[in-house]
Amino acid sequence: MDTPLVLPTPGQLAWQRMRIGVFFHFGLNTFHGLEWGPGDIPAADFAPSDLDADQWVSTAKDLGAEYVVITAKHHDGFCLWPTSTTEYSVASSPWRDGRGDVVAEVAAACERQGVRFGFYLSPWDRNAPQYQDPAKYDDLYAEQLRELCTGYGGVSEIWFDGAGSEGHVYDWARYMEIVAEHQPEAMIFNMGSPTIRWVGNEDGLAADPVDYVVSESDFSNYTVESVAYEEALYLPPECDVSIRRGWFWAEDDGPKSLDHLLAIYYRSVGMGANLLLNLPPDTRGLIPDEDAERLRELRAELDRRFGAPHRAVVSLVSRSDEASEWTLDLGEEREIDHLWLEEDLVDGQRIRGFELRADDGTVLVSGARIGAQRILTFPSRRARILALRLQGDQAQLSNATAFQAGTSHVPEVAYLASTDAPA
Ligand code: FUL
């Protein structure tokens, strides 16, 4: 069946153009090497020795991230801001003598460094006694959401994680009213009235084809159930993945290899999805040196591959109802092995297939979607003119840029995260 044409909002297009965000998983779990804290670890254990949110945000910027998402509250219910809703927060910890606010420090660092700020507020709460009574819990959660939507300036993204919430009934209409009133521009991840969706795995990998218009999406890593929408929605995917095995910092964990991160980059950003890479701060309250170093290596390799762009002049040659032919002119003959294409999405995602040919007619690469951006690789060759055939009514290309990366090899993904619930 044909996917209906649903147009993106300007906010969704702006979010897609940011391409890379960084997740910060931080909380009591960090101090116990836990992933899903039970909800009764004493707040007194939250004691980062050198917390520096500017270091977090500048590390994210080193990667090229334009937004961050902080776990304001994870499943254990511990709040990283001094909420009025529970004593289970930084206000009951020794950090900054109980007068600290991690969310405020991250928001201020974002403001200083020109990075957009977002937060994760776990619906599932293992600490709040109210959780067993959905109506009472709605009051608590709505107030937490209100505090976060009103106390920290502009919010770019709100992350509603489905994990642990399977079967629980929340008053999403009420929550969405709070967001609409205070942060109408915020992208809404996954639940409520989403504007962006989960990619369906925690490996950072988008499946081919990446469709922005969907009528259902996956709910969480711990159920095969999906959510069906009443009508098809424009919901671009976000690929969340941790630089480490775990989402939270743990002593015996370490960063993924450069090859693995490159594979993730090509299979997320390179496929037209956003990448949300998790960088977990350690017990000092700093992104570990080895993780920051690995990110710099990744950035250096991406700069090496994509640092010398040859932008092509894009011309439409002919068009029928189903397809269009384009030429991409590099101005002079060059040795190239990568092509970065961007679809103009203002009138919707229209490209349903593409074929890239050299001027001798050889097909270099073909595929199903281009979307916000698509990175194509092919064996190195000399070329000035490339021909591109696009399937799809009124398909529009907005950018074609060629590169000589010195390789057309895209690393394989060697490691897939488990979908088992953490203990
Ligand atoms: C999952 C959670 O259960 C993990 O702990 C983590 O927060 C990840 C981003 O989402 O579903």
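Provided above is the structure to which this section pertains.
Throughout what follows, the structure given in this document is the object of discussion.

## Structural notes on the overall build of the chain
And step 1. Along the backbone of the chain there are seven helices and 17 strands.
And step 2. Relative to the compact-globule value of 22 Å for 423 residues, the chain shows a C-alpha radius of gyration of 22 Å, a close match.
And step 3. Projected onto its principal axes, the C-alpha positions of the chain cover 70 × 45 × 40 Å.
And step 4. Expressed as a percentage of contacts within the chain between residues at least 6 apart in sequence, the contacts between residues at least 24 apart total 74%.
And step 5. For the chain, the distance from the average position of its 35 positive side-chain charges to the average position of its 69 negative side-chain charges is 6 Å.

## Notes on empty space enclosed by the protein
And step 1. This structure, assessed with the given rule, holds one cavity of 30 Å³ or more.
And step 2. For the largest cavity, the calculated volume is near 40 Å³.
And step 3. Residue lining of the largest cavity: Phe26, Gly27, Leu28, Asn29, Thr71, Lys73, His74, Asp76, Phe78, Leu80 and Phe248, and that is the complete set.
And step 4. In the lining of the largest cavity, the residues fall into five nonpolar, four polar and two charged.

## Section: the packing of helix H2 (residues 53–63) against helix H7 (residues 289–306)
And step 1. Following both chains from N to C, one finds H2 and H7 inclined at 25 degrees, their axes separated by 8 Å at the closest point. Considering their axes alone, H2 and H7 lie roughly parallel with respect to each other. Seen along the crossing, H2 lies across H7 with a hand that is left-handed. When H2 is examined against H7, the residues Thr59, Asp62 and Leu63 are found in contact with a partner set consisting of Ala292, Leu295, Arg296, Leu298 and Arg299.

## Notes on the site of the ligand
And step 1. Lining the immediate environment of the ligand, one finds 13 residues, of which His25, Trp36, His74, His75 and Asp161 sit closest.
And step 2. Between the ligand and tryptophan 36, the relevant distance is 2.8 Å, taken from an oxygen atom to a side-chain nitrogen or oxygen of the residue.
And step 3. Within the side chain of tyrosine 120, one N or O atom sits 3.3 Å away from an oxygen atom of the ligand.
And step 4. Coverage of the ligand by the protein amounts to 99% of the 290 Å² it exposes when considered alone.
And step 5. Looking at the shell around the ligand residue by residue, the classes come out as seven nonpolar, three polar and three charged.

Here is what the cut-offs are and how they apply
- Residues numbered from 1 in each chain as written.
- Predicted model: local features only at pLDDT ≥ 70, side-chain atom pairs only at ≥ 80, totals over all residues.
- Heavy atoms only, no water.
- Helix = DSSP H or I, 4+ residues; strand = E, 2+ residues; numbered from the N terminus.
- Rg over C-alpha atoms; globule rule 2.2 N^0.38 Å.
- Contact = heavy atoms within 4.5 Å.
- Lys, Arg positive; Asp, Glu negative; His and termini not counted.
- Charge placed at Lys NZ, Arg CZ, Asp CG, Glu CD.
- 1 Å grid on protein atoms, 1.4 Å probe; cavity = no way out; pocket = protein on both sides within 12 Å on 5 of 7 lines; lining within 4 Å.
- Points joined across faces, edges and corners; volume = space filled by probe spheres on them.
- Nonpolar A, V, L, I, M, F, W, Y, C, P; charged D, E, K, R; others polar.
- Axes fitted to C-alpha atoms, helices over the stretch in contact; angles between N-to-C directions.
- Parallel < 35°, antiparallel > 145°, perpendicular 65-115°, else oblique.
- Left-handed = near helix turned anticlockwise from the far one by under 90°.
- Near = heavy atom within 4 Å.
- Polar contact = N/O pair within 3.5 Å; in protein donor to acceptor, adjacent residues only side chain to side chain.
- Areas by Shrake-Rupley, 256 points an atom, 1.4 Å probe, with all protein chains shown as cover.

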